[in-house]
Amino acid sequence: MFSLRRALTLVTAVVAMAGTVLPAQAADVPAPGEIVMSPNIQHVTNVPKPEALADIHTDMAFQGDYAYVGNYYGFSIYDIKRPKRTSLVSSVVCPGGQMDMSVYGNLLFGSVDSSRNDDSCNSTALTADHKEAWEGVRIFDVSDKANPKYIKSVETNCGSHTNTLVPDRKGENVYIYVSSYSPNASFPDCQPPHDLISIIKVPLRDPTAATVIATPNLFPDGGFGGVPGTYPNGKSATTGCHDITAYPEKGIAAGACMGDGILLDIRNPEQPKVTATVRDETNFAFWHSATFNNDGTKVIFTDELGGGTRATCNEAIGPNRGANAYYDIVNGQLQFRSYFKIARHQADTENCVAHNGSLIPVKGRDIMVQAWYQGGISVVDFTDSAHPQEIAFFERGPDNTAPALSGGFWSAYYYNGYIYGSDFNLGLDVLKINDWRTNRANGVKMRSLNAQTQTSYPEHGH
């Protein structure tokens, strides 16, 4: 079992002046474990990864005074009522990566994209060429935070890499859009071409009746065919989606689908329709995730160059690959505006690429906090989508508690005044930003946060 060690003293270094973050050169890579951050960020606390969960931390969700943190080995629930005293409430051991999760009411939905011999929490790995192998979505009742209960599983084609909640307008059902990819002719339940998503309908009065109701084909033309080549020059073909972010109150969703970025009309959640498609055959290798701005007029797509296991934040790769791409939605179509990538070069042992983040709720501005694996956590103002600007950051030097290219922040989300970062190996970090551009967000209180199910900002607190 992995045991956390913190052998080095964490040192804060002032590396920016007057709220403007300056680029760093390769020679400025911090020492292993050393913390560097902009002066407008405070490191509030770190809660080490629970020993019961022997694998890496993954994605997060929030509800009320609780944070839910996934792990390839299960998930944990944290009490964040007093963020400075964030504490572990419980951990559920239920192996099956990667445990991307969403929370709605008393239900937690966890994605399993790791072929198992059955759907239980005692399952073991079984290759997907066996018909009896299981992958999909597990549903837990988390009404008792100290004792979550596993109540239902739903098998889906090619498993569930990520999941997105779309509640219906009547409050009777919640739909789960399941993203998965990488079919293979030898996999009975994951056959090519797999140009689809799976839609699970969950009746809220009887969640154990959850079932797949549709598998709409989003790419009847087959999607992008890819560009042959090895890392870093190959481009992924589209064989499913990696991530979908829904904005239900506006009736739209955005999909990052390996070789394609798409917009969807989800006014009828059982029949999503693709309304726009965009490709980037120059710089994007793998369309990974999507985030709308609050107005629903922009989309940030991320490129997971190297699959999160490569050192892409360096001079050799440059500023436009493994980056964010900003698009404005104009007359229903996606118009490219710019790229953004952190300017701080990382060591060759540090996996670094654009990854999961969320908006900071400042009315009238578009600001996002985002994880970059071992590139740390970055806060970017993209109000002018043609000229996004980093306004704050937090990072550690190379993580020497684990093998090279296997560390850093999986996700970084803003929730009720604080930034929470899920670190692969080092646990849950809590940060506080103090900046004139973001301080108005302190008064905005959300009841929940599923980063892939966006809601507009509350009208108070600005």
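Analysis parameters
- Residues numbered from 1 in each chain as written.
- Predicted model: local features only at pLDDT ≥ 70, side-chain atom pairs only at ≥ 80, totals over all residues.
- Heavy atoms only, no water.
- Pairing = 2+ DSSP bridges.
- Helix = DSSP H or I, 4+ residues; strand = E, 2+ residues; numbered from the N terminus.
- Axes fitted to C-alpha atoms, helices over the stretch in contact; angles between N-to-C directions.
- Salt bridge = Lys/Arg side-chain N within 4 Å of Asp/Glu carboxyl O.
- Buried < 20%, exposed > 50% of the residue type's maximum accessible area, 1.4 Å probe, protein only.

Enquirer: I keep staring at the sheet that holds strand β31 (residues 427–433) and nothing clicks. Help me out?
Expert: Whether parallel or antiparallel, the strands of a sheet pair through hydrogen bonds between backbone atoms. Reading across the sheet, the four strands line up as β4-β31-β30-β29 and stay open at both edges, with antiparallel pairing between neighbours. In the strand order of this sheet, the two ends are held by β4 (41–47) and β29 (409–415), each with one partner. Going across the sheet, the axis of each strand differs from the next one's by a mean of 20 degrees, ignoring polarity. When β4 meets β31, the two strands line up antiparallel, connected through six bridges. Residue pairing for β31: Asn46 is matched across the bridge by Asp429.

Enquirer: Sorry, what's going on with the sheet that holds strand β17 (residues 243–247) here?
Expert: Across the sheet, which stays open at both edges, the four strands sit in the order β17-β18-β19-β20 with antiparallel pairing between neighbours. With one partner strand each, in any of the chains shown, β17 and β20 (273–278) form the two edges of the open sheet. For this sheet the average axis-to-axis angle between neighbouring strands, irrespective of direction, equals 20 degrees. In this sheet, β20 lies alongside strand β19 (residues 260–265) in antiparallel orientation, the contact comprising five bridges. Residue pairing across strands places Asp265 opposite Lys273, the latter belonging to β20.

Enquirer: What should I look at first to understand the pattern of salt bridges in this one?
Expert: Two side chains carrying opposite charge are able to pair once their charged atoms lie near each other. What the rule picks out here adds up to twelve salt bridges. A salt bridge links Lys131 to Asp189, with the nearest nitrogen and oxygen atoms 2.6 Å apart. Here Asp189 lies in the loop between β14 (173–179) and β15 (198–203) and Lys131 lies in the loop between β10 (107–116) and β11 (134–141), a separation of 58 residues in the sequence. For the salt bridge of Glu390 with Arg344, the shortest nitrogen-to-oxygen distance reads 2.6 Å. Within this pair, whereas Glu390 is found in strand β28 (residues 389–396), its partner Arg344 is found in the loop between β24 (333–340) and β25 (357–359), the two being separated by 46 residues in sequence. Given a relative accessible area of 12%, Glu390 falls into the buried group.

Remember that the coordinates give geometry; whether it matters functionally is a separate question.
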